[in-house]
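Structure assessment
Read off the chains here:
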Amino acid sequence: MRHRPATASSDLAAAFDRVRHILRGGAAPDHHLHLHSALPAALSAASYSSPDPSPSPGLQLHALALRAGLLSSPFVTTSLVSLYARRPDPAAARGVLDSAPAPRDPAPWNALLAGLSRRGLFPDALDAFVEMRQRGLVPDEFTLPPALNSAALLSNSPTARSLHSLILRSGLQSHLHVSNALIDAYAKLGAVTCAHKVFDHMPHRDVVTWTSLLTGLARSGSHDSALGVYYGMLRTGVEPDEFATAAVLSSCAGSTALDLGRQVHSAAVRTGFDSFLSVANSLVSMYAKTGSIDDARTVFDAMRRRCPITWTALIVGYAQNGRGRDSLAVYEDMIRTGCRPDYVTFIGLLFACSHAGLVGAGRAHFDSMERVYRITPGPDHYACMVDLLGRSGRLEEAAELLSRMRTGPDPTVWKALLGACRVHRNVELGERAAEMVFRLDPTDAVPYVMLSNLYSRARRWGDVARIRGLLRARGAIKEPGYSWVGVGPATHVFRAGERGHERTAEIYRRVEEMMGRIREEEGYVADTDWALQDEDAAGRERGLAHHSERLAVAFGLLELPRGAPIRVYKNLRVCGDCHVAIKLVAKVYARVIVLRDANCFHHMRDGVCSCGEYW
Ligand SMILES: [Zn+2]
Ligand SMILES: [Zn+2]
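Note that the structure is predicted; figures quoted are calculated from it, not measured.

Some details on the overall build of the protein
A count of helices and strands for the protein gives 31 helices and 6 strands. For the C-alpha atoms alone, the extent of the protein along its principal axes is close to 105 × 55 × 50 Å. Of all 615 residues assigned to the protein, the portion counted as buried reaches 52%. Across the protein, the fraction of contacts at a sequence separation of at least 24, relative to all contacts at a separation of at least 6, is 64%. Working note: accessible area of the protein is about 28000 Å², and carbon and sulfur atoms make up 54% of it. Looking at charge distribution, the protein has the averaged site of its 71 positive side-chain charges lying 2 Å from that of its 63 negative ones.

Put into structure tokens, the structure is as follows:
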């Protein structure tokens, strides 16, 4: 929603002078007429020029209108309603409407509706809409946008839909700004299909139309569709504005489209949109989320203005890219500049501490969260702390922290404890943690797999078989894993053991070669504890070799030029055996491999990973 620019206070003075001048002319025959046209202008200037809550210029003008008997004029009433609706006291706006003779014109009501919606008083705005209709007034093209916006921001889908049918019945969809408001409302409600339908039926579209759809799609996580809309915008010659730019960047991050992200970045530099805070924030976060953390830093350093979102994007970015100490340093700078951390900042910070193994710093930040910043820790914060404590072998302390958790038990947190138990082979505590996750979410296969790994590491084969039986009996669902790699503008997706790709034969040959080379040159031995199939040892090893991330890496080796990093993304966590194998592949092929899994980025080069062996 865009606002018209505030009128300068000099406009108010001029408008006031004009009213005073007319009043001095007192007896002139057209005095009333002049006043009738000058007052609304002065009122409008008064409502835009004075951000302070004192309504004194408005009050004076109101008194003037009253004295001159002009309150019956819909223009004057509309301007007065509009003036008061911008103040913290919308009841006064309502008072003007009630004292005016029953208007036949919807304009004063539209002013009330717009004012209430702009002030965030959405239920009042919808009440006013109902009342105006009860009074027999016919809504027009200015009534609908604030009503739609109010319904959307109240998450009131039924009202938005009935407003839509009202628009269709009254033919108001021909007004561009009404259809734009409809797209915006559906987008805010997450009803992107409806937004798309309205968009498709519009004979004319402007930059607001495209941007509303694009931001809606980006916000609802339909990133590929958002990118499609962005390309459509460019094809039809519509110049994206700063809102569209920020939205498409967030979708570039969401669908790991780094190349497009870079193109949008250069376009933003050309248009100067990169100076908008929202665009610059989206750039920092796009680079951080696609593993180009140094580019994120460059954008960050060039920014003249920053907000908590900016700082948090970089803190989280460093944390996820295995640069925990940089993350903490940025946090120190943030505090020094007087910027206040928020809920998300602490997730990044604690994640950084847990991945860098900084137990003392982690405890101190966790403690300061509530004591200094009055932020109640949530499941994500507890999960980081459990990771941190558990990873450093303080399993009992982690369990004790969980028992003090006030936000109620959460599967994420117990899974973190189970993960730590697996690392430290603590079967007893691991069983307890797994039991908790089974109880909270019996259909999630992950804890069964983790517990089965824990048993197999402890060589308790009977328990391994029992857990697998349980997994099958309870019908727990294992989310299918897949990996993808970008080559030019195309994205190639791989599933474990899949043979659907047109270059399957070459890819599998390259996998064999990779495994052969790391075995011979680096002494790699497959860790079949990570294999899940109930097969013999050879079968399990083959299963591991054909995990989706290895197929994607093999394809990257085939397709990408020598100096280019291979960027592979995976929807789930990378398994321990792939982690070892791909690190060694990076070494023997002298390539940088950036693997992003569901947890963090792994920047692998020369046999070493940025995650510090923590996945
Ligand atoms: Zn694997
Ligand atoms: Zn790693």
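Past the structure itself, the notes keep going.
Points about the packing of aromatic side chains
Tallied over the entire structure, the rule returns 11 aromatic pairs. Considering the side-chain rings of Phe199 and Trp210, the 4.9 Å spacing of their centres and the 80° angle between planes classify their relative orientation as edge-to-face. With Phe199 in helix α11 (residues 192-200) and Trp210 in helix α12 (residues 207-219), this pair connects stretches of sequence that are 11 residues apart. Residue Phe199 shares its accessibility class with Trp210, and that shared class is buried. Note on Phe366 and Tyr382: the rings are 5.4 Å apart at their centroids and 75° apart in plane angle, and the pair reads as edge-to-face. Residue Phe366 is found in helix α21 (residues 359-371), and its partner Tyr382 is found in helix α22 (residues 379-391); the two are separated by 16 residues along the sequence.

Notes on the sheet that holds strand β3 (residues 566-570)
Through backbone hydrogen bonds, the strands of a sheet pair up, either in parallel or in antiparallel fashion. Within the open sheet, the 6 strands sit side by side as β2-β1-β3-β4-β5-β6. Their pairing is mixed. If you trace the sheet from one side to the other, it starts and ends with β2 (490-495) and β6 (608-609), each paired once. Pairing analysis gives 2 bridges linking strand β5 (residues 601-605) to β6, with the strands arranged antiparallel. Considered in β6, the bridge of Met604 is made with Cys609.

Details of the coordination of the zinc ion (ligand 1)
Protein coordination at the zinc ion (ligand 1) comes from His547 (ND1), Cys575 (SG) and Cys578 (SG), with a distance range of 2.0 to 2.3 Å. Within one chain, the residues serving as donors to the zinc ion (ligand 1) are arranged as H-x27-C-x2-C. Of this pair, His547 sits in the loop between α29 (537-545) and α30 (548-559) while Cys578 sits in helix α31 (residues 576-588), and the two are 31 residues apart along the sequence. Judged by its relative accessible area of 17%, His547 falls in the buried class.

Quick word on the UniProt feature "repeat: PPR" (unreviewed entry) in the protein
When the UniProt feature table is mapped onto this chain, "repeat: PPR" (unreviewed entry) is found at residues 105-139, 206-240 and 307-341. Its end C-alpha atoms 10 Å apart, residues 206-240 is made of 74% helix and 0% strand. Helix makes up 74% of residues 307-341 and strand makes up 0%, while its end C-alpha atoms are separated by 10 Å.

Quick word on the nonpolar core
Soluble globular proteins tend to pack their nonpolar side chains together in the buried interior. Ranked by internal contacts, the top residues of the largest apolar core, which has 193 residues, are Leu61, Leu214 and Leu417. Among the elements that make up this core, the one with the highest residue count is helix α16 (residues 277-289) (8 residues). Domain assignment of the residues forming this core places at least three in each of domain 1 (395-473) and domain 2 (482-609). Setting aside chain neighbours within four positions, we find Leu61 in contact with Phe16, Val19, Leu39, Ala42, Leu43 and Ala46.

Considerations on the confidence of the model for the protein
Here the protein averages 87 in pLDDT, and 92% of its residues register 70 or above. Segment residues 1-7 is flagged for pLDDT under 50; beyond a separation of four residues in sequence, or across chains, it makes 11 contacts in the model.

Re the side chain of His365
By the element assignment, His365 lies in helix α21. Judged by relative accessible area, which is 11%, His365 ranks as buried. Every residue in contact with His365, bar those within four places of it in the chain, is listed here: Leu328, Tyr331, Glu332, Phe346, Leu349, Leu350 and Cys353.

Cut-offs applied
- Residues numbered from 1 in each chain as written.
- Chains lettered and ligands numbered in written order.
- Predicted model: local features only at pLDDT ≥ 70, side-chain atom pairs only at ≥ 80, totals over all residues.
- Heavy atoms only, no water.
- Helix = DSSP H or I, 4+ residues; strand = E, 2+ residues; numbered from the N terminus.
- Buried < 20%, exposed > 50% of the residue type's maximum accessible area, 1.4 Å probe, protein only.
- Contact = heavy atoms within 4.5 Å.
- Areas by Shrake-Rupley, 256 points an atom, 1.4 Å probe, with all protein chains shown as cover.
- Lys, Arg positive; Asp, Glu negative; His and termini not counted.
- Charge placed at Lys NZ, Arg CZ, Asp CG, Glu CD.
- Phe/Tyr/Trp six-rings, centres within 6.5 Å; stacked < 30°, edge-to-face > 60°.
- Pairing = 2+ DSSP bridges.
- Donors = N, O, S within 2.8 Å, 3.2 Å for Na, K, Ca; no water.
- UniProt positions renumbered as here; feature names shortened; annotations may be inferred.
- Core = buried A, V, L, I, M, F, W, Y, C linked by side-chain atoms within 4.5 Å.
- Domains from an automatic or database assignment.
- pLDDT = per-residue confidence, 0-100.

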